Amino acid sequence: MADQVNESAELSRASDFPALWPVPTRWDDNDHYGHVNNVTYYAYFDTAVNGWLMKTTGVDIRELSAIGVVAETSCRYLSELSFPDRLQVGLAVEKLGTRSIVYSLALFREAEDDALELAARGRFVHVYVDGVTRRPVAIPPEIESAARTLVIGTSTG
């Protein structure tokens, strides 16, 4: 099976993403400086990816024989967030391989006029491993099928 690769380098609008997942900020997300602490952005990404997978597949992904472990993450912070901001996480697949998925993500703040303002861009790599041996395995069919719906600008590579 050939990998599918996203040709779009910069996704900056909510409409660029095949899926959006709501994530609320919490009071304890704010740090001493009064904004959401940088590490919390990664929790938003993780929550959105896994929540979306569970809803879309209809299975509890924690119970599959293979699990997606995070092998790489990155985040570019564009504007600060603070409680009680309401967020939407944009989800797209940059690369769908046979054993890994590279997600392209974005955090959008919901504005008062219902516009979504880009606050951060992220990248998240899941590598699938056997739940017991932790050796790399193929992406479970349920996950692969769901992830395929997030692939944009596909090509083989």
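Definitions and limits used
- Residues numbered from 1 in each chain as written.
- Predicted model: local features only at pLDDT ≥ 70, side-chain atom pairs only at ≥ 80, totals over all residues.
- Heavy atoms only, no water.
- Helix = DSSP H or I, 4+ residues; strand = E, 2+ residues; numbered from the N terminus.
- Buried < 20%, exposed > 50% of the residue type's maximum accessible area, 1.4 Å probe, protein only.
- Contact = heavy atoms within 4.5 Å.
- Arc of directions from axis to C-beta.
- pLDDT = per-residue confidence, 0-100.
- Core = buried A, V, L, I, M, F, W, Y, C linked by side-chain atoms within 4.5 Å.
- Phe/Tyr/Trp six-rings, centres within 6.5 Å; stacked < 30°, edge-to-face > 60°.

1. Description of unusual backbone geometry
Cis geometry is adopted by the peptide bond preceding Pro84, which originates at Phe83 and carries an omega value of 15 degrees. Summarising the element assignment, Pro84 is placed in the loop between strand 3 (66-77) and strand 4 (86-96). Although it is not a glycine, Arg134 sits at a positive phi angle of roughly 65 degrees. Turning to its location among the elements, Arg134 is positioned in the loop between strand 6 (116-130) and helix 2 (141-148). Since its relative accessible area comes to 49%, Arg134 is described here as partly exposed.

2. Quick notes on the environment of Val23
Structurally, Val23 can be placed in strand 2 (residues 19-24). Sequence-distant contacts of Val23, that is, excluding residues within four places in its chain, are made with Tyr44, Thr47, Ala48, Arg86, Leu87 and Val89.

3. Structural notes on the side chain of Arg109
Its place among the elements puts Arg109 in strand 5 (residues 100-110). If we ignore the near neighbours within four places in the chain, the residues touching Arg109 are Ser79, Glu80, Leu81, Asp85, Arg86, Leu87, Ala115, Leu116 and Glu117.

4. Quick look at helix 2
One full turn of an α-helix is made of 3.6 residues, so residues set three or four places apart face in the same direction. Inspection of helix 2 places Ile143, Glu144, Ala146 and Ala147 among the buried residues, and these make up the whole buried set. The buried side chains of helix 2 occupy one side of the element, clustering within an arc of 165 degrees when seen end-on.

5. Here's the deal with the confidence of the model for the protein
Across the protein, the average pLDDT comes to 90, with 92% of residues at or above 70. The low-confidence segment residues 1-8, where pLDDT is below 50, has 35 contacts with residues more than four positions distant or belonging to other chains.

6. Considering the nonpolar core
Counting residues in hydrophobic clusters, the biggest one holds 34 residues, and the most contacted among them are Leu53, Ile101, Tyr103 and Leu107. Counting residues per element, the ones that place at least two in this core are strand 2, helix 1 (38-57), strand 4, strand 5, strand 6 and helix 2. Every residue in contact with Leu107, bar those within four places of it in the chain, is listed here: Tyr41, Tyr44, Phe45, Leu81, Leu87, Gln88, Val89, Glu117, Leu118, Ala119 and Ala120. Core analysis: the next-biggest nonpolar cluster, separate from the first, contains seven residues, Phe17, Ala106, Phe108 and Ile152 among them.

7. Some details on the packing of aromatic side chains
All chains considered together, the criterion is met by five aromatic pairs. Relative to Phe108, the ring of Phe17 lies with its centre 5.9 Å away and its plane at 75 degrees, an arrangement referred to as edge-to-face. Here Phe108 lies in strand 5 and Phe17 lies in the loop between strand 1 (4-5) and strand 2, a separation of 91 residues in the sequence. Across the pair, Phe108 and Phe17 agree in class, each one buried. Taking 6.4 Å as the distance between ring centres and 45 degrees as the angle between the ring planes, the aromatic pair formed by Tyr41 and Tyr44 counts as tilted. Placement of the pair is Tyr41 and Tyr44 together in helix 1, with a separation of three residues, close to one helical turn. Note on Tyr41: relative accessible area 3%, which makes it buried. Judged by its relative accessible area of 4%, Tyr44 is buried. Ring pairing ties together the aromatic residues Tyr41, Tyr44 and Tyr77, which thus form one cluster.

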